[in-house]
Amino acid sequence: MCVTLVIAASLEIEHGIDNLWNTTSDGFKAPSDYGQYIPIHYFRAFVCGFPHLWSPEELWYSEHVPWESFKPFVQSFNIKRRELLKTVYMLMDESMSAWRPKTSATGGLPNVTYEPRKPKPLGTMFKNGVEATTGIMVTQDIVEGSASQQEKKYVGDISSLPKKEPIMAHVAETLRQCESANVADGGWVGGDAWFGSIPCVVELKNMKNIFSTFIIKQNVQYCPLDIIKRILQTRNKKGHRSGRHVVMKACISGVDWFLLAYAWSNKRAAYMVSSCGTTVQHEIPYRTHFTDDFGNVTFKEIPRPSIAHFYFELCPLIDNHNKDR
């Protein structure tokens, strides 16, 4: 995840860095005097050369540092994880490597991504996958500029959907992640609403024989999301919806899937699409915590379907990596 610091350091060395080599100090603290360990010109040479540690030779003298300079490192990371781990269950999400440009639009990087819902919304984004049993990160993919993203594998290929629509970017990303991690035949992947759609579930099963479960929000192609929302609201009176769910089943291009609307509170619901699992109530209920009339924190147990329990127990895995970083 050091891509932002590594590449940017070679292009925009902070003005204050010279202070680390000061041999005198006007304050009470002793000067840093890094010169006793390494000459400053050695350090400057290192900073300029370090981003090219994995770079092809033809890019060593390039004025700009493209993602191709860093991709070999990401690729070697993915290859090594693929060799060491057998991935059967994989959860997908994204991570941000924060970066705030100061002297240019991108601060020396090929591009920056802005994601307002992230704690650090600006920087380099990685789409990634974690092996769900051990919690080990198994694959990383840099989110490049929009033009480069459209040129990546599977984007625009003919799908197996009834109308043969081209494969969309989020479906292509999911297929690449599964390929990079070498998810086992008959394995499972899951992800949040960015990845979630019915075309994604269909292509994963038809192209990779991988089952999947996703949260679904904005990607509503082939999805009767508004209808299942209304059914959930109509069947369950307001104020008495928590723990209730509605299921719709269908088959598209030979893939059986179901759409689940699960009310995890009286006001809010989660919508999921899955090609596997069951909606039978899980033996472990969901606990929602709240403050009672006396200011004490208490909880309420709410029943939830087994597939929802399975997914929500795994979904914090990459968030835990992000918090640790």
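Fair warning: this is a prediction, and the values are worked out from it, not measured in the lab.

Student: I'd like to hear about the packing of helix α5 (residues 169–181) against helix α6 (residues 198–208), residue by residue, with values.
Tutor: Between α5 and α6, whose axes approach to 9 Å, the crossing angle comes to 35°. At the point where α5 passes α6, the crossing takes the right-handed sense. Facing His-170, Val-171, Thr-174, Leu-175, Cys-178 and Glu-179 of α5, the residues of α6 in contact are Pro-199, Cys-200, Glu-203, Leu-204, Met-207 and Lys-208. The residue makeup of the contact of α5 with α6, split by class, is seven nonpolar, two polar and three charged.

Student: Mind laying out the environment of Asn-236, listing which residues take part and the relevant values?
Tutor: Along the chain, the position of Asn-236 falls in the loop between α7 (225–235) and β7 (245–252). Relative accessible area serves as the criterion here: at 6%, Asn-236 is assigned to the buried category. In sequence terms Asn-236 and Tyr-61 are 175 residues apart; their C-alpha atoms lie 66 Å from each other. Apart from residues lying up to four places away in sequence, Asn-236 is in contact with Arg-241 and Arg-244. Reaching out from Asn-236, the side chain makes a polar contact with the side chain of Arg-244 at a distance of 2.9 Å.

Student: Kindly report on the pattern of salt bridges, identifying the contributing residues and their values.
Tutor: For the structure on display, the rule yields 15 salt bridges. A salt bridge links Lys-71 to Glu-68; the nearest nitrogen and oxygen atoms lie 3.6 Å apart. Taking relative accessible area as the criterion, Lys-71 reaches 23% and is therefore assigned partly exposed. What makes Glu-68 partly exposed here is its relative accessible area of 38%.

Quick notes on the rules
Residues numbered from 1 in each chain as written. Predicted model: local features only at pLDDT ≥ 70, side-chain atom pairs only at ≥ 80, totals over all residues. Heavy atoms only, no water. Axes fitted to C-alpha atoms, helices over the stretch in contact; angles between N-to-C directions. Helix = DSSP H or I, 4+ residues; strand = E, 2+ residues; numbered from the N terminus. Left-handed = near helix turned anticlockwise from the far one by under 90°. Contact = heavy atoms within 4.5 Å. Nonpolar A, V, L, I, M, F, W, Y, C, P; charged D, E, K, R; others polar. Buried < 20%, exposed > 50% of the residue type's maximum accessible area, 1.4 Å probe, protein only. Polar contact = N/O pair within 3.5 Å; in protein donor to acceptor, adjacent residues only side chain to side chain. Salt bridge = Lys/Arg side-chain N within 4 Å of Asp/Glu carboxyl O.

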